[in-house]
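Chain by chain, the residues:
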Amino acid sequence: MKALKDLYLYRQMIYSLVRKELRGKYKGSVLGFAWTFINPLLQLFVYTLVFSVIMRASIENYYIFLFVALVPWMFFQSSVVGGSSSILDAADMVKKIYFPREVLPIAYVTSAFVNMALTFLVVFAVLIVSGFGLSLRALVCLPVVMVIEYILAAGFALLSSAFSVYVRDLVYVLNIVTMAWQYLTPVMYAEEMIPKDLLPIWNLNPMTPIISAYRSILYDQKVPQLSTLWQALALGILCVAAGYLIFRRLQRGFAEEL
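Source: prediction; values computed, not measured.

Reading the values: the criteria
- Residues numbered from 1 in each chain as written.
- Predicted model: local features only at pLDDT ≥ 70, side-chain atom pairs only at ≥ 80, totals over all residues.
- Heavy atoms only, no water.
- Helix = DSSP H or I, 4+ residues; strand = E, 2+ residues; numbered from the N terminus.
- Buried < 20%, exposed > 50% of the residue type's maximum accessible area, 1.4 Å probe, protein only.
- Contact = heavy atoms within 4.5 Å.
- Areas by Shrake-Rupley, 256 points an atom, 1.4 Å probe, with all protein chains shown as cover.
- Lys, Arg positive; Asp, Glu negative; His and termini not counted.
- Charge placed at Lys NZ, Arg CZ, Asp CG, Glu CD.
- Patch = residues over 30% accessible without salt bridge, like charges linked within 9 Å, V, L, I, M, F, W, Y side chains within 5 Å.
- Salt bridge = Lys/Arg side-chain N within 4 Å of Asp/Glu carboxyl O.
- Phe/Tyr/Trp six-rings, centres within 6.5 Å; stacked < 30°, edge-to-face > 60°.
- Expected span 1.5 Å × (residues − 1).
- Arc of directions from axis to C-beta.
- Axes fitted to C-alpha atoms, helices over the stretch in contact; angles between N-to-C directions.
- Parallel < 35°, antiparallel > 145°, perpendicular 65-115°, else oblique.
- Left-handed = near helix turned anticlockwise from the far one by under 90°.
- Nonpolar A, V, L, I, M, F, W, Y, C, P; charged D, E, K, R; others polar.
- Polar contact = N/O pair within 3.5 Å; in protein donor to acceptor, adjacent residues only side chain to side chain.

1. Comments concerning the overall build of the protein
Broken down by element type, the protein carries 14 helices and 0 strands. Overall, the protein shows an N-to-C arrangement of helices and strands of α-α-α-α-α-α-α-α-α-α-α-α-α-α. Expressed along its principal axes, the backbone C-alpha trace of the protein runs to roughly 55 × 45 × 35 Å. Burial status across the protein gives 48% buried among its 258 residues. Looking at the protein alone, contacts between residues at least 24 apart form 79% of all its contacts between residues at least 6 apart. As displayed, the protein offers around 13600 Å² of accessible surface, 67% of which is attributable to carbon and sulfur atoms. Charged side chains of the protein number 20 positive and 14 negative; the gap between the two group centres comes to 9 Å.

If you want it as structure tokens, here you go:
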């Protein structure tokens, strides 16, 4: 409760940091904020070319199957990798000004979340223009899944940002880890392709139920299983609680390490 109270008291600071992150991300580029939409579309094109044309995936409407999972995965990956350097990037602020340090990774994750929400406008447009359509009944569950993923991403960002202050190489290691993690998550392939004897191990991956929920809502156009959502929510709460406790303990040495 104290953590939530602190975040609420510094909500204006979080808002300012989120706004700064969104404005500064593509500052100086010709296309500017348009890269928020162009980047996932380019990745979609590459993956679709490889898996639909070259490797000839047998999944119907593969580009949609991939797109609805790729967007939330990019948000999670950005939160873990980018969030890991949020304390390091604000070293001067951390050393000179008092504020709850967890504000920094939370603000980064929030800005990434806003980017994902805007990118979903492109997803909806693709679904409608392609004739695939949307299920309003299933779409009601989408904000719930997005909030659950936000909680999970915030937990990992708290952990990675705190550890990165002490182990600077972690920022680079996480790029490799999240790349491997993507292939261990059913983003580019169907969950049914996983061998049944390996499925219990696969389900230990906290992103598996979340990606499955997104795909149920947008590709299968049906309400995701409640058990899937509860599993993802439980993992998210556990992760953010552990992340917060570890972050609070490690932040005592931030000023000295920075």
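2. As for a nonpolar patch on the surface
Judged by side-chain polarity, F45, V46 and L49 come together as a nonpolar surface patch covering roughly 290 Å² of accessible area. Turning to its location among the elements, F45 is positioned in helix α3 (residues 35–54). Given the relative accessible area of 55%, F45 is considered exposed.

3. A look at the pattern of salt bridges
Considering all chains together, one arrives at 1 salt bridge under this definition. With a shortest N-O distance of 3.3 Å, R248 and E102 are connected by a salt bridge. On the criterion of sequence distance, the pair formed by R248 in helix α13 (residues 226–250) and E102 in the loop between α6 (91–96) and α7 (103–129) is long-range, its members being 146 residues apart. On the basis of relative accessibility, which here comes to 25%, the residue R248 falls in the partly exposed class.

4. Description of unusual backbone geometry
Positive phi, close to 55 degrees, is recorded for Q221, a residue that is not glycine. For Q221, the position within the fold is in the loop between α12 (207–218) and α13. Judged by its relative accessible area of 26%, Q221 is partly exposed.

5. What about the environment of L170?
As for its placement among the helices and strands, L170 is situated in helix α10 (residues 170–183). Considered as a pair, L170 and S84 are 86 residues apart in the sequence and their alpha carbons are 8.0 Å apart. Apart from residues no more than four positions distant in its own chain, L170 is found in contact with S160, F163 and S164.

6. Comments concerning the packing of aromatic side chains
Overall, the coordinates contain 12 aromatic pairs when judged by the stated rule. Arranged with centres 5.6 Å apart and planes meeting at 45 degrees, the rings of W73 and F76 form a pair that is tilted. Here the residue W73 and the residue F76 both occupy positions in helix α4 (residues 62–83), the gap between them amounting to 3 residues, near one helical turn. Overall, W73 belongs to the buried group, its relative accessible area being 0%. Judged by its relative accessible area of 0%, F76 falls in the buried class. Here the aromatic residues Y62, F65, F132 and Y219 are joined through ring pairs into a cluster of three or more.

7. What about α10?
Between its first and last C-alpha atoms α10 spans 20 Å; for 14 residues at 1.5 Å apiece the expected length is 20 Å, and the two agree. When α10 is considered as a whole, its buried residues turn out to be V171, L174, T178, W181 and Q182. End-on, the buried residues of α10 take up no more than an arc of 95 degrees, which puts them together on one face. Away from its buried face by more than 90 degrees, α10 exposes Y172 and I176.

8. A few points about the packing of helix α9 (residues 142–166) against α12
As a packed pair, α9 and α12 sit with axes 10 Å apart at the nearest point and diverge in direction by 160 degrees. On the basis of the axis angle, α9 is roughly antiparallel to α12. As for how α9 packs across α12, the hand of that crossing is left-handed. Residue-level contacts link L142, V145, M146, I148, E149 and L152 of α9 to M207, I210, A213, Y214 and I217 of α12. For the contact of α9 with α12, the residue count by class is 10 nonpolar, no polar and 1 charged.

9. Section: the side chain of T178
Its location among the elements puts T178 in helix α10. Within polar-contact distance, the side chain of T178 engages the backbone oxygen of N175 at 3.2 Å. Every residue in contact with T178, bar those within four places of it in the chain, is listed here: W73, Q77, V80 and V81.

Function cannot be read off these values alone, since they describe shape.
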